[in-house]
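# An overview of the molecular structure
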Amino acid sequence: MSASTTATLRHDWSLAEVKALFVQPFNDLLFQAQTVHRAHFDANRVQVSTLLSIKTGACPEDCKYCPQSGHYNTGLEKEKLMEVQKVLEEAARAKAIGSTRFCMGAAWKHPSAKDMPYVLQMVKGVKAMGLETCMTLGRLDQDQTQALAQAGLDYYNHNLDTSPEFYGSIITTRTYAERLQTLAYVRDSGMKICSGGILGMGESLDDRANLLIQLANLPEHPESVPINMLVKVAGTPLENAEEIDPFDFIRMLAVARILMPQSHVRLSAGREAMNEQMQALAFFAGANSIFYGDKLLTTANPQADKDMQLFARLGILPEAREEHADEVHQAAIEQALVEQKSSEQFYNAAV
């Protein structure tokens, strides 16, 4: 299968086709993914988001990977829904360090009627700052979805996590069909979809392929596809899960890029455990979105200045907002990267 044939959008991928992509020689897979990537994106631009936990812990779901689940004792301090003003202050900080999208996550099975007005205020306030807005609040009904869309929410994150076949081994408190229904409500409302999954939970190659098939064969591809590497947290059932092979993780990114050519593929949770070389390979495989800042909900994430340093060494610049880009702010970010690249903290690898 040539790279040119995969640059068009498809929604009819078969398991045999996707597995064939996974098992081809590594260099062939990366070449194909990079070719597809360059057909749709600037290869040296990466979209930058910041993720904030607006309500932490005591979630009634039993997701085996999650430290926020009320079913497990992980020592996580439980918090109520953040005040709107505090969320807006965090959004302002995120914009100041170069993020163009602000994502807000709440540890809920679904949002309650009493919390929705505050959530909608957060969306409106962050939107007014010129940032793209994203939320992950659990399962939504149709009315809640419409309310979020009317408030100006750009993206809704609702991960499928894994394949339909493996899903029951990881989560029992919410069905796969419910997840797909929420995604359908989000799409019907006019909002964009952010949906992906997690590697390293004991899933098979078929499970990884079938997760991507679920996403790629939706009527419209998700605009954002986060690929997470399991962060093993003490107290969760997966705290002793087997380490994932870094090359297998890169393969997942590359296949996601080929199947969903116009989607942003996000290098998401687990980046703290990745060295710079692995992250660089991830960008080459077609990842073009990251979370920026020191925390990803409740788990560590590389510091923002480390990300900026890596960007400078790789010649990568942050992607501007798709709409109403703040050109002055964008120029300031790019100038900071240029200045860092020329400073003494960067060595010349050719010397």
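Residues numbered from 1 in each chain as written. Predicted model: local features only at pLDDT ≥ 70, side-chain atom pairs only at ≥ 80, totals over all residues. Heavy atoms only, no water.

### With respect to the overall build of the protein chain
Quick reminder of the rule: Strands here are runs of E lasting at least two residues and helices are runs of H or I lasting at least four, both read from the DSSP assignment and numbered beginning at the N terminus. Here a residue-residue contact requires only that any non-hydrogen atoms of the pair lie within 4.5 Å. All accessible-area figures derive from a Shrake-Rupley calculation using a 1.4 Å probe, and residue coverage is judged against the displayed protein chains alone.
When helices and strands are tallied, the protein chain shows 12 helices and 12 strands. Sequence separation of at least 24 residues holds for 74% of the intrachain contacts in the protein chain that already meet a minimum separation of 6. In the form shown here, the protein chain has an accessible surface area of approximately 15,100 Å², with 52% of it arising from carbon and sulfur atoms.

### Observations concerning the environment of Asp 143
For clarity, the threshold we go by: Relative accessible area decides the class of each residue, using a 1.4 Å probe on protein chains only: under 20% of the type maximum gives buried, over 50% gives exposed, and in between gives partly exposed.
Mapped onto the elements, Asp 143 comes out in helix α5 (residues 142–151). The exposure class of Asp 143 is exposed, given its relative accessible area of 63%. Between the C-alpha atoms of Asp 143 and Ser 189, which are 46 residues apart in sequence, the distance is 9.7 Å.

### A closer look at helix α7 (residues 176–189)
Operational definition: A helix is expected to span 1.5 Å multiplied by its residue count minus one. Along the arc lie the directions from the helix axis toward the C-beta atoms.
The end-to-end C-alpha separation of α7 is 20 Å, in line with the 20 Å expected for 14 residues at 1.5 Å each. Taken residue by residue, α7 has Tyr 176, Arg 179, Thr 182, Leu 183, Val 186, Arg 187 and Ser 189 as its buried positions. One side of α7 holds all its buried residues, which, seen down the axis, span an arc of 165 degrees. Turned more than 90 degrees from where α7 packs its buried face, Ala 177 and Asp 188 sit exposed. Those residues of α7 that are buried lie in contact with α5, β4 (155–157), α6 (164–167), β5 (192–194) and α8 (205–216).

### Quick notes on the side chain of Ser 49
In plain terms, the rule: Under the rule applied, a polar contact is a pair of N or O atoms within 3.5 Å (in protein, one hydrogen donor and one hydrogen acceptor; residues adjacent in sequence only if both atoms are side-chain atoms).
Looking at where Ser 49 falls in the secondary structure, it is placed in strand β1 (residues 45–55). For Ser 49, a relative accessible area of 0% translates into the label buried. Engagement of the side chain of Ser 49 in a polar contact is seen with the side chain of Gln 47, the distance being 3.0 Å. Within the local environment of Ser 49, its side chain forms a polar contact with the side chain of Arg 266, the two groups lying 3.2 Å apart. Other than its neighbours up to four places away in sequence, Ser 49 contacts Ser 99, Arg 101, Cys 103, Arg 266, Ile 290, Phe 291 and Tyr 292.

### Some words on the UniProt feature "binding site: [4Fe-4S] cluster" (unreviewed entry) in the protein chain
To be explicit about the condition: UniProt positions are given in the numbering used here, feature names are shortened, and annotations may be inferred rather than shown by experiment.
In the numbering used here, UniProt assigns the "binding site: [4Fe-4S] cluster" (unreviewed entry) feature to Cys 59, Cys 63 and Cys 66. As for its placement among the helices and strands, Cys 59 is situated in the loop between β1 and α3 (84–96). Positionally, Cys 63 belongs in the loop between β1 and α3. By relative accessible area, which is 9% here, Cys 63 ends up buried.

### Focus on the packing of aromatic side chains
Given two aromatic rings, one states the distance between the centres and the angle between the planes to describe the pair. How we decide: A pair of Phe, Tyr and Trp rings is counted when the ring centres sit within 6.5 Å of each other, with Trp represented by its six-membered ring. The angle between the planes then sorts it: under 30 degrees is stacked, over 60 is edge-to-face, the rest tilted. Geometrically, a charge over a ring is one whose NZ (Lys) or CZ (Arg) sits within 6 Å of the ring centre while staying within 35 degrees of the ring normal.
One pass over the full model with this rule turns up 3 aromatic pairs. Note on Phe 26 and Phe 247: the rings are 5.2 Å apart at their centroids and 80 degrees apart in plane angle, and the pair reads as edge-to-face. One end of the pair, Phe 26, is in helix α2 (residues 26–40); the other, Phe 247, is in helix α9 (residues 246–259), with 221 residues separating them in the sequence. Judged by centre distance (5.1 Å) and plane angle (85 degrees), the ring pair of Tyr 167 and Tyr 176 falls under edge-to-face. Lying across the ring of Trp 13, Arg 10 places its NZ or CZ 4.0 Å from the centre. Over the aromatic face of Tyr 155 sits the side chain of Arg 101, whose NZ or CZ is 3.8 Å from the ring centroid.

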